[in-house]
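What the coordinates show
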Amino acid sequence: RMGITTDGEGEGPGLRNVTGETIVVDGAALASASASGSGDYELKHLTDCEVFLCNTTPLRAIRVHDLKNTKVYAGPVAGSVLMHGLSGCTLHLCARQVRVHDAGNGTSFYVRTASGPIIEHSTDVAFAPYAFVYPGSDKVMEEAGF
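Report follows, based on the coordinates. (Residues numbered from 1 in each chain as written. Predicted model: local features only at pLDDT ≥ 70, side-chain atom pairs only at ≥ 80, totals over all residues. Heavy atoms only, no water.)

With respect to the overall build of the chain
When you go through the chain residue by residue, the secondary structure sums to 2 helices and 11 strands. Secondary structure elements of the chain occur, N-terminal to C-terminal, as β-β-α-β-β-β-β-β-β-β-β-β-α. At a minimum sequence separation of 6, the contacts of the chain that also span at least 24 residues come to 31%. Of the roughly 6600 Å² of accessible surface on the chain, 50% is carried by carbon and sulfur atoms. (Helix = DSSP H or I, 4+ residues; strand = E, 2+ residues; numbered from the N terminus. Contact = heavy atoms within 4.5 Å. Areas by Shrake-Rupley, 256 points an atom, 1.4 Å probe, with all protein chains shown as cover.)

Topic: the nonpolar core
Judged by nonpolar contacts, the single largest core of 31 residues is most densely connected at Leu43, Leu53, Met83, Leu86 and Phe109. Take this core: its biggest share by element is 6 residues, from strand E8 (residues 90-104). Contact partners of Leu43, with chain neighbours within four places excluded, come to Leu15, Val51, Leu53, Arg63, Val64, His65, Leu67 and Val72. (Core = buried A, V, L, I, M, F, W, Y, C linked by side-chain atoms within 4.5 Å. Buried < 20%, exposed > 50% of the residue type's maximum accessible area, 1.4 Å probe, protein only.)

Notes on the packing of aromatic side chains
Tallying each qualifying case throughout the model produces 5 aromatic pairs. Ring geometry for Phe52 and Phe132: centres 6.4 Å apart, planes at 45°, overall tilted. Here the residue Phe52 occupies a position in strand E4 (residues 50-53), and Phe132 occupies one in the loop between strand E11 (125-129) and helix H2 (137-143), the gap between them amounting to 80 residues. Using a relative accessible area of 12% as the deciding quantity, one classes Phe132 as buried. In this structure an aromatic cluster arises from ring pairing among Phe52, Tyr73, Phe132 and Tyr134. The ring of Phe146 is capped by Arg96, whose NZ or CZ atom sits 5.2 Å from the centre of that ring. (Phe/Tyr/Trp six-rings, centres within 6.5 Å; stacked < 30°, edge-to-face > 60°. Lys NZ or Arg CZ within 6 Å of the ring centre and 35° of its normal.)

Description of the side chain of Thr70
Inspection of the secondary structure assignment puts Thr70 in the loop between strand E5 (61-68) and strand E6 (71-74). At a separation of 3.0 Å, a polar atom in the side chain of Thr70 contacts the main-chain carbonyl oxygen of Lys68. Each residue touching Thr70, except ones within four places of it in the same chain, is listed here: Leu46, Thr47, Asp48, Cys49, Gly88, Cys89 and Thr90. (Polar contact = N/O pair within 3.5 Å; in protein donor to acceptor, adjacent residues only side chain to side chain.)

Just geometry here; none of it tells us what the structure is for.
If you want it as structure tokens, here you go:
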């Protein structure tokens, strides 16, 4: 499935309340999301999903809440990625700052960050270098300052 899903009045761009799907959000959809004024992209209440955020310009920020057994592959973020409530997930993230709260159950992070990740109230997590590439990702990395 491709695209942006929003659930609820007044919420910004993002994917919410999805189970068991593979979702590719391409550069055009993410650029449209950034133009909406929020600048932040949200992943919330995803279970057993695989999500690819293949941005063609750096995202401002990503907010992640309550993911279970989900894989996230995200292109470069100029600002921060803030995460709460991850269980059994795998996340590929490149951001100025990465903040992790309440992660566990074998969650793995593949990160590239300008500062060390901030990890609070988390157990049974692992970290490794970021290696997600897609067409145009080198240009986006440069634009994001990496």
